[in-house]
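Here is what each chain is made of, one letter per residue.
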Amino acid sequence: MKKHIFPLLLLAATSVFTACGSMQSFTFDQLYPADITYPDQVKNVAVVNNMAEIPTPKDDLLTIGLLEGDGKVAAETLAEALADSRYFNQVIICDSALRAKDELPSDYSTLTQAEVESLASSLGADMIFSVERVLLQTNRREVFYPELPMPFEAVELKTTPLIKIYIPSRSKPMAVVSKTDSLYWDITPDLSDKRIVTDGTMDAMTTLVPYLIPHWGQVTRLYYTGGSVEMRDAVICLRENDWKEARRLWQQLYDNRKKGSAKMKAAFNIALSFEMEGDIDQAIEWLGKAKQLVGSGSEDRQVIAYYEEALQKKKLDLPKLNLQMGRF
């Protein structure tokens, strides 16, 4: 059994939200920008294996400590993920080791500009993703789950992949990307170095992909329900994805109340309706109106603060996302 570690922040936020009454949640897919924005001329890319070869991992040994990932598996996994995204016109792979005779870490080196130019020319690529290293660190851990009566022993695997991104016209890499992720495995008879190296390498490269290209992620939003006919009818519109009619009903409720919780909740929901229609500025403006109507010490203040942070982050991401998606 392999498990990812999830941020505690999300769990904490959930506990706050469930404490607030008359609220419902829904999820939708949202497009996020990559960490890196590529030059407009980059259409075709190549993934190359610049890792030193490793001895074949054993299937009857479980190492607790440091292991090296498999360069061929790493290059193939990254190339497949980039191709599946359809962000570039073409993804070419060179999974044979460029530095097969090197020894880690002394001979572990950056590609020269001449090497990059030669690779780009021979592969027909405008840019090179060079897989440099996948460091694997295993440890024994006791894992606790609230629903289980006792902890179970597991192997924790920390993966740290490293890739460098090259453009032939530049003497140095345009970007260096490295991220650390954690996995857990149950300790079972079939758990071995071979499985950890293969699966760990694949997971390490998959973890990098959202940092390299725009990607979809699931988002959860909250909205207020109940307390009035307008709220009840608006929820029906929301579930039918009719945000304009839902907003008309919330606007009607907002205009008919001079102050109080109902007016605040209507303003909050109006903010959500504008976000769902892509008008982030209006969403932030209406959330500000809801914030002004919240009483001191109210749990609603925490809900608004969480949503405000999400909207501000989305607003900051939009120019970068629009630039990155301009190729389409």
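Residues numbered from 1 in each chain as written. Predicted model: local features only at pLDDT ≥ 70, side-chain atom pairs only at ≥ 80, totals over all residues. Heavy atoms only, no water.

Asker: Give a description of the overall build of the protein that names residues and reports values.
Answerer: The number of helices and strands found in the protein is nine helices and ten strands. For 328 residues, the compact-globule estimate of 2.2 N^0.38 gives 20 Å, and the protein exceeds it by more than 25% at 25 Å. With the C-alpha coordinates aligned to their principal axes, the bounding extent of the protein is approximately 75 × 55 × 30 Å. Counting all 328 residues of the protein, 43% fall into the buried class. (Helix = DSSP H or I, 4+ residues; strand = E, 2+ residues; numbered from the N terminus. Rg over C-alpha atoms; globule rule 2.2 N^0.38 Å. Buried < 20%, exposed > 50% of the residue type's maximum accessible area, 1.4 Å probe, protein only.)

Asker: Please give an account of the pairing of strand S6 (residues 127-143) that cites residues and values.
Answerer: With five bridges joining them, strand S3 (residues 44-49) and S6 adopt parallel strand pairing. Following the sheet pairing, Val48 is matched in S6 by Ser130. Inspection of the sheet shows strand S4 (residues 66-68) paired to S6 by three bridges, in the antiparallel sense. Opposite Leu66, over in S6, you have Gln137 as the bridge partner. Strand direction decides the pairing type here: S6 and strand S7 (residues 152-166), joined by 15 bridges, are antiparallel. In the strand pairing of S7, Ser130 is matched with Lys164. (Pairing = 2+ DSSP bridges.)

Asker: I'd like a rundown of helix H9 (residues 300-324), residues and numbers included.
Answerer: Given a rise of 1.5 Å per residue, 25 residues ought to cover 36 Å, and the 36 Å separating the end C-alpha atoms of H9 matches this to within 8%. Along H9, the positions that sit buried rather than exposed are Asp300, Val303, Ile304, Tyr307, Leu311, Lys314, Asp317, Leu321 and Gln324. (Expected span 1.5 Å × (residues − 1).)

Asker: Please provide a residue-by-residue account of the packing of aromatic side chains, values included.
Answerer: Taken as a whole and assessed by the stated rule, the structure comprises eleven aromatic pairs. A ring pair is formed by Tyr87 and Phe88, whose centres lie 5.2 Å apart and whose planes are at 80°; its orientation type is edge-to-face. A relative accessible area of 6% means that Tyr87 is categorised as buried. An aromatic cluster of three or more residues is present, and its members are Tyr38, Tyr87, Phe88, Phe129 and Phe328. Stacked on the ring of Phe274, the Lys or Arg Arg247 has its end atom at 4.1 Å from the ring centre. Across from the ring centre of Tyr254, 3.7 Å away, lies the NZ or CZ of Lys263, which sits over that ring. (Phe/Tyr/Trp six-rings, centres within 6.5 Å; stacked < 30°, edge-to-face > 60°. Lys NZ or Arg CZ within 6 Å of the ring centre and 35° of its normal.)

Asker: Any details on the packing of helix H7 (residues 261-276) against helix H8 (residues 280-292)? Residues and values, ideally.
Answerer: Contact geometry of H7 with H8 gives a least axis separation of 7 Å together with a crossing angle of 170°. Classified by the angle their axes make, H7 and H8 are roughly antiparallel. Note on element contacts: H8 touches H7 through Ile280, Gln282, Ala283, Trp286, Leu287, Lys289 and Ala290, opposite Met264, Ala267, Phe268, Ile270, Ala271, Phe274 and Glu275. A per-class count over the contact of H7 with H8 returns eleven nonpolar, one polar and two charged. (Axes fitted to C-alpha atoms, helices over the stretch in contact; angles between N-to-C directions. Parallel < 35°, antiparallel > 145°, perpendicular 65-115°, else oblique. Contact = heavy atoms within 4.5 Å. Nonpolar A, V, L, I, M, F, W, Y, C, P; charged D, E, K, R; others polar.)

Asker: So what's going on with the confidence of the model for the protein? Which residues, and what values?
Answerer: Scored by pLDDT, the protein comes out at a mean of 89, with 90% of its residues at no less than 70. A low-confidence stretch, residues 1-21 stays under pLDDT 50, and its non-local contacts, those more than four residues away or across chains, total 28 contacts. (pLDDT = per-residue confidence, 0-100.)

Asker: Pulling in residues and values, what's your account of the pattern of salt bridges?
Answerer: Taken as a whole and assessed by the stated rule, the structure comprises 17 salt bridges. Lys72 serves as the salt-bridge partner of Asp95, at 2.9 Å between the closest nitrogen and oxygen. With a gap of 23 residues between them, Asp95 in the loop between strand S5 (90-94) and helix H3 (113-123) and Lys72 in helix H2 (residues 71-85) connect regions that are remote in the sequence. The exposure class assigned to Lys72 is partly exposed, which follows from its relative accessible area of 41%. As a salt-bridge pair, Glu308 and Lys291 come within 3.3 Å of each other at their nearest N and O atoms. (Salt bridge = Lys/Arg side-chain N within 4 Å of Asp/Glu carboxyl O.)

Asker: So what about the pairing of strand S9 (residues 181-186)? Which residues, and what values?
Answerer: Most of S9 sits inside the fold, with five of its six residues counted as buried. Pairing of S7 with S9 involves six bridges; the strand directions are antiparallel. Considered in S9, the bridge of Lys158 is made with Ser182.

Asker: Please give an account of the environment of Ala46 that cites residues and values.
Answerer: On the secondary structure map, Ala46 appears in strand S3. Expressed as a C-alpha distance, the spacing of Ala46 and Ser96, which sit 50 residues apart in the sequence, is 13 Å. The contact partners of Ala46, leaving out residues within four places of it in the chain, are Ile92, Leu123, Ala125, Met127, Ile128 and Phe129.

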